[in-house]
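Analysis of the macromolecular model
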Amino acid sequence: MPRPKILYQCQGCGYASPKWLGKCPDCGGWNSFVEEERVTKLKSQKTAQPVVLSEIAPSTGTRFSTGIRELDRTLGGGVVMGSVVLIGGDPGIGKSTIILQALRGLAELGKVLYVSGEESPEQVKLRAERLQISSDKIILLPETSLEGIISVAREIDPQVIVIDSIQTIFSLELPSAPGSVGQIRECATKLMFHAKKHGVPLFIIGHVTKEGAIAGPKVLEHIVDTVLYFEGDKGNPFRILRAVKNRFGSTNEIGVFEMQESGLMEVDNPSQLFLSERPLNVPGSVVTVSIEGTRPLLVEIQALVTASNFGVPRRTALGVDYNRINLLIAVLDKRLGMQLGGMDIFVNVVGGLKIEEPAIDMGIIAAIASSFKNNTIEATTFTFGEIGLSGEVRGISQAETRIKEAVKLGFTKGIVPVNNVQTLEGHDMEIIGVKNVEEAVEILFY
Ligand code: TYD
Ligand code: MG
């Protein structure tokens, strides 16, 4: 019998090496190599037939509602049959909760199988009682072996399968421990084959490691159709479910929830929610409009600028990119002569939201300038626009959508890129176009 081929694989990125390494040459992780058995190549029994594109019947695109509108939206309009959805997030953020709530809706399709490798049926029952879910269509399976799960799935033929969580599942055919890259990849792939073959949607829950990558890491993202990621912090009841990848819908679509005593509640008007605790007429606070997926969101950006007590001033960015903040501070310094070099600067997007869009640059600049000058921005004014290195304010996409959302929430004055102004006529609001940061700051603080 040939000796099984062993290789060492990085648990962070999946890099494989024939010998053990202390540091991964690919992702730079330390002490991340674990012994794995080399998986022999899968043999394909049937070769696929070539088809002419124009002769393919259009897919009916059957989707099913989970009964949770915000979840349906992030999925691109409901669950697609045979699709594999990965839900990632920190432990305790609400992954098991949302999936159980979704199962209530999906149970209308027929039997659903909830594989819980982490909690006993009693614990799941307790949560279900809290969520007031009781259905004879939801079948619990406290099993962690892949082979066991697949054989039960074959037997009861469920309409939906949920794996909570993939880190606890292991295949008897592999020597490595549950949660290792090899196990996660193997288990997810086998489960996916089952889901595709039987046309049932498969939800896989995955915990996130400290570094923020979905553990069993990037490996899983390639396998699945949709990756949803839970954002939010523990001290804050708001939870944002973001589609990071979606083969069946637009990415970056978000669903907004609030964690309450009896589960996750949908938030119908997130802009209103994010602005609900806004302090009015306080320096350092400004409202900007971001587009997340297909939806405009009004958010408050806060900045605090204080004299630094140390040689190296502190710069803290919460919800926005740290490098972006430094760039914008440099622009303010150079273009407006603001002496920010000796200042500690903190910038925060209120509500635990993370925004990557450059359209909020103007909001960041306005908030920092407002705090620095100790001068307030009118409560009914908002601003958006991208800022370039020479201080120019650049036009952005979907300006009209943003303005409409602002009108809806009662804003009366918008400071926007001059290039966007022509497209924005006919709104019940004063719209001022600005070319550069000098102009913007002048108008904001007259
Ligand atoms: P859970 O879904 O178990 O998190 P995960 O599966 O992502 O690890 O959620 C756990 C947290 O949610 C826990 O701190 C309790 C809280 N929670 C509520 O506030 N209300 C509820 O109705 C439920 C079910 C949980
Ligand atoms: Mg859980």
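Source: prediction; values computed, not measured. Starting afresh in each chain, residues are numbered from 1 along the sequence in its written order. Each chain takes a letter, starting from A, and each ligand takes a number, starting from 1, following the order in which they are written. Totals for whole chains, interfaces and linings use all residues, but because this is a predicted model, local features are given only for residues with pLDDT of at least 70 and pairs of side-chain atoms are given and counted only at 80 or more. Working from all heavy atoms in the structure, the side-chain values ignore hydrogens and water.

1. Structural notes on the overall build of the protein chain
Looking only at helices and strands, one finds twelve helices and 23 strands in the protein chain. Dimensions of the protein chain along its principal axes, counting C-alpha atoms only, are 80 × 55 × 50 Å. Per-residue accessibility, obtained with a 1.4 Å probe over protein chains only, is compared with the maximum for each type, and a residue is labelled buried under 20%, exposed over 50%, and partly exposed between these values. Every one of the 446 residues in the protein chain was classed for burial, and the buried ones make up 50%. Within the protein chain, counting contacts between residues at least 6 apart in sequence, those at least 24 apart form 66% of the total. Accessible areas in this description were obtained via Shrake-Rupley with a 1.4 Å probe; residue shielding takes into account the shown protein chains only. Carbon and sulfur atoms form 52% of the exposed surface of the protein chain, whose accessible area is close to 21600 Å². Here the protein chain carries 45 positive and 51 negative side-chain charges, and the mean point of each set is 6 Å from the other. Under the DSSP-based scheme used, a helix requires at least four consecutive residues in state H or I and a strand at least two consecutive residues in state E, with every element numbered from the N terminus. Any two residues having at least one pair of non-hydrogen atoms within 4.5 Å are treated as being in contact. Neither His nor the chain termini are counted; the positive set is Lys and Arg, and the negative set is Asp and Glu. By convention, charge coordinates are those of NZ in Lys, CZ in Arg, CG in Asp, or CD in Glu.

2. As for the packing of helix 9 (residues 361-373) against helix 12 (residues 437-444)
Each axis is a line fitted through C-alpha atoms, taken for helices only over the stretch in contact, and angles between the N-to-C directions span 0 to 180 degrees. Put simply, helix 9 and helix 12 touch, their axes get as near as 11 Å, and they point 55 degrees apart. The angle between helix 9 and helix 12 falls in the class oblique. Remark: the crossing between helix 9 and helix 12 carries right-handed chirality. Every residue of helix 12 that contacts helix 9 at Met362, Ile365, Ala366, Ala369 and Lys373 is listed here: Val437, Ala440, Val441 and Leu444. Any angle that is under 35 degrees is reported as roughly parallel, and any over 145 degrees as roughly antiparallel; angles of 65 to 115 degrees are reported as roughly perpendicular and all others as oblique. By definition, turning the near helix anticlockwise from the far helix through less than a right angle yields a left-handed crossing, and turning it clockwise yields a right-handed one.

3. Here's the deal with helix 5 (residues 181-198)
Residue count minus one, scaled by 1.5 Å, sets the expected span of a helix. Between its first and last C-alpha, helix 5 extends 26 Å over 18 residues, near the 26 Å set by a 1.5 Å rise per residue. In the stretch just after helix 5, Gly199 is the one whose phi turns positive, near 65 degrees.

4. Concerning the sheet that holds strand 7 (residues 112-116)
Paired strands, as defined in this entry, are two strands with at least two bridges between them according to DSSP. In spatial order, the strands read 8-7-9-10-6-11-12-13-14; together these nine strands make up an open sheet with mixed pairing. Each edge of the open sheet is held by one strand with a lone partner, namely strand 8 (138-141) and strand 14 (263-266). Within the sheet, the average angular offset between the axes of one strand and its neighbour, ignoring direction, is 25 degrees. Contacts between helix 5 and the sheet are confined to strand 6 (84-89), strand 9 (160-164) and strand 10 (202-207), with strand 10 contributing the most and set at about 160 degrees to the helix.

5. Structural notes on the packing of helix 8 (residues 322-336) against helix 12
For any two helices packed against each other, one specifies the inter-axial angle together with the distance between the axes. Two numbers describe how helix 8 lies on helix 12: the axes approach to 10 Å, and their chain directions differ by 85 degrees. As judged from the angle between their axes, helix 8 and helix 12 are roughly perpendicular. Note on element contacts: helix 12 touches helix 8 through Val437, Glu438 and Val441, opposite Val331, Arg335 and Leu336. Here the term charged refers only to Asp, Glu, Lys and Arg, the term nonpolar to Ala, Val, Leu, Ile, Met, Phe, Trp, Tyr, Cys and Pro, and the term polar to all other amino acids, Gly among them. When the residues that make up the contact of helix 8 with helix 12 are grouped by side-chain class, the tally is four nonpolar, no polar and two charged.

6. What to know about the site of ligand 1
If a single non-hydrogen atom of a residue is within 4 Å of a molecule or strand, that residue counts as near it. Surrounding ligand 1, one finds 16 residues, the nearest of these being Gly92, Ser96, Thr97, Gln260 and Gly263. Each polar contact in these results corresponds to two N or O atoms within 3.5 Å; when the atoms are within protein, one needs to be able to donate a hydrogen and the other to accept it, and residues that are neighboring in sequence are counted only if both atoms are side-chain atoms. Contact distances for ligand 1 include 2.6 Å between an oxygen atom and a side-chain N or O atom of Ser96. Contact distances for ligand 1 include 3.2 Å between a nitrogen atom and a side-chain N or O atom of Arg130. Sorting the residues of the shell around ligand 1 by element identifies helix 2 (95-106), helix 3 (121-130) and strand 13 (254-260) as the ones contributing at least two each. For the shell around ligand 1, the leading source of residues is helix 2, giving three residues. Along the lines of polarity and charge, the residues of the shell around ligand 1 split into four nonpolar, seven polar and five charged.

7. Section: the pairing of strand 13
Taken together, the five bridges between strand 12 (residues 238-246) and strand 13 define a ladder with antiparallel strand orientation. Note that in strand 13 the partner of Phe238 across the bridge is Glu258. Two elements, strand 13 and strand 14, share four bridges in a ladder whose sense is antiparallel. Along strand 14, the bridge assignment pairs Phe257 with Glu266. If you look at the hairpin formed by strand 13 and strand 14, you'll find two residues sitting between the two strands.

8. Here we look at the sheet that holds strand 3 (residues 33-37)
Taken together, the three strands give an open sheet; going across it, the order is 2-1-3, and neighbouring strands pair in antiparallel fashion. For this open sheet the edge positions go to strand 2 (16-17) and strand 3, each flanked by a neighbour on one side alone. For strand 1 (residues 6-10) and strand 3, the ladder comprises five bridges, and the chain directions are antiparallel. Each bridged residue has a counterpart across the sheet, and for Gln9 the counterpart in strand 3 is Val34. Contacts between helix 5 and the sheet are confined to strand 1 and strand 3, with strand 1 contributing the most and set at about 95 degrees to the helix.

9. A closer look at the pattern of salt bridges
By convention in these notes, a salt bridge is any Lys or Arg side-chain nitrogen within 4 Å of a carboxyl oxygen on Asp or Glu. Within this structure, the stated rule accounts for 19 salt bridges. Put simply, Glu70 and Arg295 hold a salt bridge, and the shortest N to O gap is 3.0 Å. Here Glu70 is found in helix 1 (residues 69-75), whereas its partner Arg295 is found in strand 16 (residues 295-307), with 225 residues between them in sequence. One continuous salt-bridge network, built from bridges that share partners, spans Glu70, Arg73, Glu253 and Arg295.

10. Looking at the nonpolar core
Buried Ala, Val, Leu, Ile, Met, Phe, Trp, Tyr and Cys residues form a nonpolar core when they are joined through side-chain atoms within 4.5 Å. Formed by 45 residues in total, the largest nonpolar core has its most connected members in Phe274, Leu340, Val347, Ile364 and Ile368. Elements supplying a minimum of two residues to this core: strand 12, strand 13, helix 7 (270-275), strand 16, helix 8, strand 18 (343-349), helix 9 and helix 12. Among the elements that make up this core, the one with the highest residue count is helix 9 (seven residues). What counts as a domain boundary in this text is fixed by an automatic or database domain assignment. Residues from two domains meet in this core; each of domain 2 (63-268) and domain 3 (273-445) gives at least three. Excluding anything up to four places from it in sequence, Phe274 contacts Phe238, Ile240, Val256, Leu297, Leu298, Val299, Val350, Gly351 and Leu353. The next biggest cluster of nonpolar side chains, apart from the first, holds 31 residues, and it includes Leu75, Ile87, Leu131 and Ile138.

11. Considerations on the domain arrangement of the protein chain
Accessible area lost when the parts come together is the quantity often used to give the size of an interface. Along its sequence, the protein chain is carved into domain 1 (4-39), domain 2 (63-268) and domain 3 (273-445). The distance between the C-alpha centroids of domain 2 and domain 3 comes to 37 Å. At the interface, 18 residues of domain 2 touch eleven residues of domain 3. Where domain 2 touches domain 3, the interface holds two salt bridges. Between domain 2 and domain 3 we count five residue pairs in polar contact (both at pLDDT 80 or more) in total. Residue assignment for the side of domain 2 that touches domain 3 shows that the elements contributing at least two residues are helix 1, strand 12 and strand 13. Sort the elements by how many residues they give to the side of domain 2 that touches domain 3 and strand 13 lands first, with four residues. Tallied by class, the residues present in the side of domain 2 that touches domain 3 amount to five nonpolar, six polar and seven charged.

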